[in-house]
Amino acid sequence: MARIIGGVGTSHVPSIGAAIDHGKVDDPYWRPLFEGVQPARKWIEKMKPDVAIVVYNDHASRFALDMTPTFAIGMGERFSPHDEGYGPRPVPVCQGDPALAWHLAESLVLKDEFDIAMVSEMTVDHGLTVPLSLLFGQPEAWPCRIIPLCVNVIQYPQPTALRCLRLGQALRRAIDAYEPDLKVAIFGTGGMSHQLQGERAGLINADYDKMWLDKMESDPQSLARISHTELLREAGSEGLEIIMWLIMRGALDSSVRRIHRFYHVPASNTAYGMLIMENA
Ligand code: DHB
Ligand code: FE
């Protein structure tokens, strides 16, 4: 049977991808961040997942604002990096897992009544590719299959934090019921506090981010009750991305063991956070 081997929460700041692509990881500005994520590389190399479900948001790349699925799953054989204005990132094309993606969609829709959009053709932007680069470096091919799970966190009305936690729980039921013997990792990406525009551009709230990191381990139910208004106020206009971590968290047991935790400011205009957990 398939089983969840662990969850990774990580920000997906685009300039981290640019630093990797342009050989800047040892620059004084970037070195502390890349040192801080080294344990994640070691962990995933040891765990060797067969598939990673990557929960991320599309930043008006594949889905322009004329069509905004609340939740969408990539069903295809492959997903290429999107051109976000500087040409597509020089990263491998993701190999998908259509069989598992169909199983997840079937279980979500028919068993758990999550009406997820099914997308066969999709490109993936920095929300997905930057976490892969952080975890896997610069290989010729990504070392596991990838299922993109895209969440609308940019266009009102976004799903609630509680809905995200419940989606993670539904994904877990689906994974547990999948026959093939697969090791599945789940990534929740985005956050932490950041605001890219307007009067409060550059906002970072380290105390609030650390509270999220604490409770992500110990009390995700309380995070699931947090309103969008609180997130906007405390974590900035783009800080809402953090609700995607709750999808990852919902797919884990209620009791987890922390493998790695790292928090660093600044990464571009944002706070960078990482949390890796296994079932206890
Ligand atoms: C930036 C963009 C993001 O999507 C994000 O999550 C964090 C930072 C940026 O443009 O700096
Ligand atoms: Fe983002």
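Notes on the structure in this doc start here. Bear in mind the structure is a predicted one, so any value in this text is a computation, not a measurement. (Residues numbered from 1 in each chain as written. Chains lettered and ligands numbered in written order. Predicted model: local features only at pLDDT ≥ 70, side-chain atom pairs only at ≥ 80, totals over all residues. Heavy atoms only, no water.)

Thoughts on the packing of helix H3 (residues 38–47) against helix H5 (residues 126–136)
Contact geometry for H3 and H5: axes closest at 7 Å, N-to-C directions at 80°. Between H3 and H5, the interaxial angle falls into the category roughly perpendicular. Within the contact between the two elements, H3 uses Ala-40, Arg-41 and Ile-44 and H5 uses Ser-133, Leu-134, Leu-135 and Phe-136. Class assignment for the residues of the contact of H3 with H5 results in five nonpolar, one polar and one charged. (Axes fitted to C-alpha atoms, helices over the stretch in contact; angles between N-to-C directions. Helix = DSSP H or I, 4+ residues; strand = E, 2+ residues; numbered from the N terminus. Parallel < 35°, antiparallel > 145°, perpendicular 65-115°, else oblique. Contact = heavy atoms within 4.5 Å. Nonpolar A, V, L, I, M, F, W, Y, C, P; charged D, E, K, R; others polar.)

With respect to the sheet that holds strand E1 (residues 3–10)
Ordered in space as E6-E3-E7-E2-E8-E1-E10-E9, the eight strands form an open sheet in which the pairing is mixed. Every other strand in the sheet has two partners, leaving strand E6 (117–119) and strand E9 (256–267) as the edge strands with one partner each. With strand direction ignored, the average angle separating the axes of adjacent strands in the sheet is 20°. Bridge count between strand E3 (residues 71–74) and strand E7 (residues 145–151): three bridges; the pairing is antiparallel. Residue Ile-73 lies in a different strand from E7, and its bridge partner there is Leu-149. Sitting on the sheet, H3 is in contact with E1, strand E8 (183–189), E9 and strand E10 (270–279), with an inclination near 30° to E10. (Pairing = 2+ DSSP bridges.)

Notes on unusual backbone geometry
The omega angle of the peptide bond from Gly-191 to Met-192 is -10°, so this bond is cis rather than trans. Considering the arrangement of structural elements, one finds Met-192 in the loop between E8 and helix H7 (206–218). The linkage connecting Val-265 with the following residue, Pro-266, adopts the cis geometry, with an omega of 0°. Note on placement: Pro-266 falls in strand E9.

So, the site of ligand 1
Neighbouring residues of ligand 1: His-12, Val-13, Pro-14, His-59, His-126, His-194, Leu-196, Glu-241, Ser-268 and Thr-270. In this structure, His-126 approaches ligand 1 through a side-chain N or O atom, which is 2.7 Å from an oxygen atom. Here an oxygen atom of ligand 1 and a side-chain polar atom of Glu-241 are 2.8 Å apart. When the free accessible area of ligand 1 is taken as 290 Å², the share hidden by the protein chains comes to 85%. Here ligand 1 is seated within the largest pocket. When the residues that make up the shell around ligand 1 are grouped by side-chain class, the tally is three nonpolar, six polar and one charged. (Near = heavy atom within 4 Å. Polar contact = N/O pair within 3.5 Å; in protein donor to acceptor, adjacent residues only side chain to side chain. Areas by Shrake-Rupley, 256 points an atom, 1.4 Å probe, with all protein chains shown as cover. 1 Å grid on protein atoms, 1.4 Å probe; cavity = no way out; pocket = protein on both sides within 12 Å on 5 of 7 lines; lining within 4 Å. Sits in = over half its atoms within 2 Å of the grid points.)

Let's talk about H7
Here H7 contains 13 residues, and its C-alpha end-to-end distance of 18 Å stays within 8% of the 18 Å for a straight helix at 1.5 Å per residue. Taken together, the buried positions of H7 are Tyr-208, Asp-209, Trp-212, Leu-213, Met-216 and Glu-217. Elements in contact with the buried residues of H7: helix H8 (220–224), helix H9 (228–235), helix H10 (245–250), E9 and E10. (Expected span 1.5 Å × (residues − 1). Buried < 20%, exposed > 50% of the residue type's maximum accessible area, 1.4 Å probe, protein only.)

Here we look at the coordination of the iron ion (ligand 2)
Ligation of the iron ion (ligand 2) by protein atoms is provided by His-12 (NE2), His-59 (NE2) and Glu-241 (OE), these donors lying 2.0 to 2.2 Å from the ion. The sequence motif formed by the donor residues of the iron ion (ligand 2) is H-x46-H-x181-E. One end of the pair, His-59, is in the loop between strand E2 (51–56) and E3; the other, Glu-241, is in the loop between H9 and H10, with 182 residues separating them in the sequence. Among the residues examined, His-59 registers a relative accessible area of 24% and is labelled partly exposed. Judged by relative accessible area, which is 5%, Glu-241 ranks as buried. (Donors = N, O, S within 2.8 Å, 3.2 Å for Na, K, Ca; no water.)

Considering helix H4 (residues 98–111)
Helix length check: H4, at 14 residues, gives a terminal C-alpha distance of 19 Å against a target of 20 Å (1.5 Å per residue), a fit within 8%. Among the residues of H4, those classed as buried are Leu-100, Ala-101, His-103, Leu-104, Ala-105, Ser-107 and Leu-108. The inward-facing, buried residues of H4 abut E2, E3, E6, E7 and helix H6 (161–176).

Brief notes about the packing of aromatic side chains
Counted under the stated rule, the structure contains five aromatic pairs. Aromatic pair Trp-30 and Phe-34: ring centres 6.1 Å apart, planes at 55°, arrangement tilted. Given the relative accessible area of 6%, Phe-34 is considered buried. Between Phe-262 and Tyr-272, the aromatic rings sit 6.1 Å apart at their centres with planes inclined by 50°, giving tilted as the arrangement. Taken together, the positions of Phe-262 in strand E9 and Tyr-272 in strand E10 put the pair 10 residues apart, joining distant regions of the chain. Each member of the pair, Phe-262 as well as Tyr-272, is classed as buried. (Phe/Tyr/Trp six-rings, centres within 6.5 Å; stacked < 30°, edge-to-face > 60°.)

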